[in-house]
Amino acid sequence: MPHGRITGWAAHLPERVLTNAELTTMVDTSDEWITARSGIRSRHVDGRVTEMSTVAGREAMAMAGVTPDRVDLLLLATTTPDQQFPASASVVQHNLGLTCGAVDMNAVCSGFVYGLVTAMQFINGGVERILLIGSDALSSIIDWEDRNTCVLFGDGAGAVVIERTGDQPSLLGWDLMSDGSAAGILYCDQGGKIVMHGREVFRQAVLAMASAAENAMTRAGITADDLALVVPHQANIRIIEASLKRLGIPMERASLVLAHTGNTSAASIPLALVDAIEAGRVAQGDLILMVGFGAGMSSAAAVLRWDPPTG
Ligand code: COA
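1. Section: the overall build of the chain
So, point 1. A count of helical and extended segments in the chain gives 10 helices and 13 strands.
So, point 2. Radius of gyration (C-alpha) of the chain: 18 Å, near the 19 Å computed for a compact globule of 311 residues.
So, point 3. With the C-alpha coordinates aligned to their principal axes, the bounding extent of the chain is approximately 55 × 45 × 35 Å.
So, point 4. Residues counted as buried form 57% of the 311 residues belonging to the chain.
So, point 5. Pairs at least 24 residues apart make up 77% of the contacts formed inside the chain by residues separated by at least 6 positions.
So, point 6. Taken as a whole, the chain presents about 12400 Å² of accessible surface, with 50% of it coming from carbon and sulfur.
So, point 7. Separation of charge centres in the chain, based on 21 positive and 33 negative side chains, amounts to 4 Å.

2. A look at the packing of helix α7 (residues 198-220) against helix α8 (residues 237-247)
So, point 1. At a closest axis distance of 9 Å, the pairing of α7 and α8 adopts a crossing angle of 40°. By the angle class used here, α7 and α8 are oblique. Helix-helix and strand crossings are classified by hand; for α7 and α8 the assignment is right-handed. For the pair α7 and α8, the contacting residues are F202, A205, V206, L207, M209, A210, A213, E214 and M217 in the first and R238, I239, A242, S243, R246 and L247 in the second.
So, point 2. Split into classes, the residues belonging to the contact of α7 with α8 amount to 11 nonpolar, 1 polar and 3 charged.

3. Examining the site of the ligand
So, point 1. Residues in close proximity to the ligand total 22 residues, the closest being T29, R37, G198, R199 and N236.
So, point 2. W33 is positioned with one of its side-chain polar atoms (N or O) 3.4 Å from a nitrogen atom of the ligand.
So, point 3. In the complex, 77% of the free accessible area of the ligand, which totals 970 Å², lies under the protein chains.
So, point 4. Contributions of two or more residues to the shell around the ligand are made by α2 (31-38), α6 (147-150), α7, α8 and β12 (287-294).
So, point 5. Counting residues per element, the shell around the ligand draws most heavily on α7, which supplies 4 residues.
So, point 6. Split into classes, the residues belonging to the shell around the ligand amount to 10 nonpolar, 7 polar and 5 charged.
So, point 7. Of the residues that make up the shell around the ligand, three or more belong to each of domain 1 (3-166) and domain 2 (171-305).

4. Some details on the nonpolar core
So, point 1. With 53 residues, the main nonpolar core has L227, I249, L289, V291, F293 and V303 as its most contacted residues.
So, point 2. Only β10 (194-196), α7, α8, β12 and β13 (298-305) provide two or more residues apiece to this core.
So, point 3. Broken down by element, the residue count for this core peaks at 11 residues, all from α7.
So, point 4. Counting contributing residues, this core receives three or more from each of domain 1 (3-166) and domain 2 (171-305).
So, point 5. Sequence-distant contacts of F293, defined by excluding residues within four places in its chain, comprise C109, S110, A205, A208, M209, H233, A235, I239, S298 and S299.
So, point 6. In this structure, L116, A119, I269 and V274 belong to the second largest nonpolar core, which totals 37 residues.

5. Looking at the domain arrangement of the chain
So, point 1. Looking at the chain, the domain boundaries give domain 1 (3-166) and domain 2 (171-305).
So, point 2. Using only C-alpha atoms to locate each centre, domain 1 and domain 2 end up separated by 15 Å.
So, point 3. Across the contact, 50 residues belong to domain 1 and 44 residues belong to domain 2.
So, point 4. Taking both partners together, domain 1 and domain 2 bury about 3600 Å²; carbon and sulfur atoms supply 68% of that area.
So, point 5. Put simply, the parts of the chain that give the side of domain 1 that touches domain 2 at least two residues each are β1 (4-12), α2, β3 (42-44), α5 (111-124), β6 (129-137), α6 and β7 (155-164).
So, point 6. Taken together, the residues of the side of domain 1 that touches domain 2 sort by class into 25 nonpolar, 18 polar and 7 charged.

6. Overview of helix α3 (residues 49-64)
So, point 1. Relative to the 22 Å expected for 16 residues at 1.5 Å per residue, α3 spans 22 Å between its end C-alpha atoms, a close match to the ideal helical length.
So, point 2. All buried positions along α3 are accounted for by V49, T50, M52, S53, T54, A56, G57, A60 and M61.
So, point 3. On its buried side, α3 packs onto β1, β4 (73-77), α4 (88-96), β6 and β7.
So, point 4. Just downstream of α3 lies G65, where phi reads positive at about 70°.

7. Here we look at the pattern of salt bridges
So, point 1. All told, the structure shown has 9 salt bridges when counted by the stated rule.
So, point 2. Between D46 and R16 there is a salt bridge whose closest N-O contact spans 4.0 Å. Here D46, found in the loop between β3 and α3, pairs with R16, found in the loop between β1 and β2 (17-19); they are 30 residues apart in sequence, far enough to count as distant.
So, point 3. Look at the salt bridges and you will find they share partners, linking R16, E22 and D46 into a network.

Reading guide: rules and limits
Residues numbered from 1 in each chain as written. Predicted model: local features only at pLDDT ≥ 70, side-chain atom pairs only at ≥ 80, totals over all residues. Heavy atoms only, no water. Helix = DSSP H or I, 4+ residues; strand = E, 2+ residues; numbered from the N terminus. Rg over C-alpha atoms; globule rule 2.2 N^0.38 Å. Buried < 20%, exposed > 50% of the residue type's maximum accessible area, 1.4 Å probe, protein only. Contact = heavy atoms within 4.5 Å. Areas by Shrake-Rupley, 256 points an atom, 1.4 Å probe, with all protein chains shown as cover. Lys, Arg positive; Asp, Glu negative; His and termini not counted. Charge placed at Lys NZ, Arg CZ, Asp CG, Glu CD. Axes fitted to C-alpha atoms, helices over the stretch in contact; angles between N-to-C directions. Parallel < 35°, antiparallel > 145°, perpendicular 65-115°, else oblique. Left-handed = near helix turned anticlockwise from the far one by under 90°. Nonpolar A, V, L, I, M, F, W, Y, C, P; charged D, E, K, R; others polar. Near = heavy atom within 4 Å. Polar contact = N/O pair within 3.5 Å; in protein donor to acceptor, adjacent residues only side chain to side chain. Domains from an automatic or database assignment. Core = buried A, V, L, I, M, F, W, Y, C linked by side-chain atoms within 4.5 Å. Buried area = accessible area lost by both parts, 1.4 Å probe. Expected span 1.5 Å × (residues − 1). Salt bridge = Lys/Arg side-chain N within 4 Å of Asp/Glu carboxyl O.

Written as structure tokens, this is what we have:
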């Protein structure tokens, strides 16, 4: 098992807030409908992945006390890079003054957990230090006339520094999955806007979340009772409730930020993780389950033993 641990973290949301009330002036919807069906009250928009990632990445590195020359790899999970190419990771690398490899990873809303598992394999292979960022600007690919989708998504970025340690492993179990047969229920063509069959996505999301979480917990040799915190993908409060119910995990153990972020895709899990850490919800040795799903349908889960640096 990889011996890597998270030593720095940060979250960033763009300034512009779009409330449900404002959305009612754009499409035929209501605050009541959006809140009841999704749990979302507002979201941040008009972000750019390179800018949000740079801010979050810089703050995470500062917290870890890591200078740019000591980062060995930058992984940027995103589905909305600023440009077709170069990779947004290359721009962020330059902005942060890093002198290492940098690559975008696209597993849509599962991207951060895919990135975390990937980072741990690099650490296991001898890499010392990785900056992992989950960042998305979904407001750039929303059809603002489609009430089925425009009320659900937002922009943001979350970053973690992962460092090699000789101590106990922190990634105890994981699961990565993709079911390409469902690729047509949620997609965005090149240069296009998000297209979604909401009810079917909802149904499959609950199954995918529960399956990924169960597989990761089995591989970690733990049960739901052992978890101190669950960090689910923040797509819809009802999806989170339904999947945690299947898993037998009380909602009080979930970190929730979607009421003020909406679904920020690859940024969603790190935003919720950072929120829980900063609220003092995890202590040394606690077990955290991160679990996400997204277009693909992709899904991913990881069980992490919380092992922050002391002092
Ligand atoms: N405001 C008001 N009414 C809306 C609306 C909105 N923003 N969006 C859709 N509606 C309408 C629909 O047109 C439908 O009307 P109809 O019955 O006259 O056709 C009605 O509300 C009910 O739609 P339905 O699809 O049954 O609602 P739902 O309970 O499934 O909730 C979602 C819709 C989109 C919130 C829900 O299906 C969902 O969250 N799906 C998963 C989406 C997701 O997580 N995507 C990202 C995955 S990473």
